[in-house]
Amino acid sequence: MMNFAKWISFSFVIIFIYIIWQIKQILLLVLTAIVFVLILSIFVKKLVNLGIKRNYALLLAILSVFIIITLFVILVVPSLLSQFEELFTLLPQGINKLISELNKIKDYLSPDFNNSLPNLNDLLIQFQPFFNSLLQKGFNVIFGFFGALLSGLLLLALTFMILAEPLPYKQGFIRLFPNFYRPRINTILDRSKNELEEWLADTFIKIISVIILSFFSLLILQVPVVSAQALLAGILAFTPYIGPSISVISPMAIAFLSSWWKPWLVLIIYIAIYQIIDRIIIPKLRNNRVMLIPANVIIGEVIFANFFGLLGLFLALPLIIISQIVIEEILIKDIFDHW
């Protein structure tokens, strides 16, 4: 039987888990800030290696962020808005054309096999509540606390504060654990930081490669709204498997408006793009890659999207990496291996 002290410890663990769950949206916002901090810290390290003092490197990094955002809003956003407006106009027409073409293909199949296939319209109706729920959760997470503006300002403030002095936040987190276990937590945090940085480097290469390759591919095929679709493909590349699968729907659907064969060529090209990136470009440029089991990634994306909405799906990979490290270092090495 458990003594009184163990019951108290167990109760505190349950209360701690409950509190964590209640503030999960804030923790996701903090994790987003940490991801941005890691991105900027890579830039800061490069500047420091060039001989620039860290304080000046931090200032340059922050100024660079504001300059990039300003230039993007002034020069790029107006053009992209018009392209996305055209994209949202053409996409429903393309999807209807896609469904009609797939229904024509079904007419050529045998009746028995045809009856075993699900109806496409029924599938869309069944998936609509899921997507609506996902969008609702995503907007609740991002905008539910203080509104879009305050959330964005809070994210920037957290990012710059952690970037300026990361050590106090790290030490404060370590002190939440018992004294004997703090060196292990420090080791786990260092490993998490290193693997997240490696993942960010791989992801940055993938996003840039997807934008460039998809842009020129769609441009050669003369598929409308090239820039918006290439940018959308690059953003969705941040979330592996699910993101690329969603990104190909738009160019395929719109390509159906001009030709029956072009969408299938778009599908083949998009598959080839990701194969080239994963098997040739990234291995050539990167030696230290974070290896994750594809099935675990897909399951993790579904779980985090279901619990946290769009922001959970966006942050699925860092959450999966952190979860994998916690399971390996704490659950397996520190608990199960000692039983």
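What counts and how
Residues numbered from 1 in each chain as written. Predicted model: local features only at pLDDT ≥ 70, side-chain atom pairs only at ≥ 80, totals over all residues. Heavy atoms only, no water. Salt bridge = Lys/Arg side-chain N within 4 Å of Asp/Glu carboxyl O. Helix = DSSP H or I, 4+ residues; strand = E, 2+ residues; numbered from the N terminus. Buried < 20%, exposed > 50% of the residue type's maximum accessible area, 1.4 Å probe, protein only. Core = buried A, V, L, I, M, F, W, Y, C linked by side-chain atoms within 4.5 Å. Contact = heavy atoms within 4.5 Å. pLDDT = per-residue confidence, 0-100.

Describing the pattern of salt bridges
Link 1 in the chain: A full pass over the atoms with the stated rule returns twelve salt bridges.
Link 2 in the chain: For arginine 191, the salt bridge is made with glutamate 328, and the minimal N-O distance between the two is 2.7 Å. Placement of arginine 191 in helix α8 (residues 182–221) and of glutamate 328 in helix α15 (residues 316–335) is noted, with a sequence separation of 137 residues between them.
Link 3 in the chain: In this structure arginine 191 comes out as partly exposed when scored by relative accessible area, which is 22%.
Link 4 in the chain: We note a salt bridge from glutamate 329 to lysine 333, for which the minimum N-O separation is 3.3 Å. Of this pair, glutamate 329 and lysine 333 are both found in helix α15, four residues apart, which corresponds to roughly one turn of the helix.

A short note on the environment of leucine 285
Link 1 in the chain: Note on placement: leucine 285 falls in helix α12 (residues 262–285).
Link 2 in the chain: We classify leucine 285 as exposed; its relative accessible area is 58%.
Link 3 in the chain: Measuring from C-alpha to C-alpha, the distance between leucine 285 and alanine 201 comes to 9.9 Å, with 84 residues separating the pair along the chain.

Some remarks on the nonpolar core
Link 1 in the chain: Residues Trp199, Val223, Val266, Leu292, Leu315 and Ile321 are the most contacted members of the largest nonpolar core, which totals 49 residues.
Link 2 in the chain: Secondary structure elements with two or more residues in this core: α2 (24–49), α3 (54–107), α8, α9 (226–236), α11 (249–255), α12, α13 (294–308) and α15.
Link 3 in the chain: It is α8 that provides the largest number of residues to this core, a total of ten residues.
Link 4 in the chain: When residues no more than four places from it in sequence are discounted, the contact partners of tryptophan 199 are Val35, Phe238, Val290, Leu317, Pro318 and Ile321.

Re the confidence of the model for the chain
Link 1 in the chain: On average, residues of the chain score 78 in pLDDT, and 80% of them are at 70 or above.
Link 2 in the chain: Within the model, pLDDT remains below 50 along residues 137–146, and this stretch shows 19 contacts once partners closer than five positions in the same chain are excluded.

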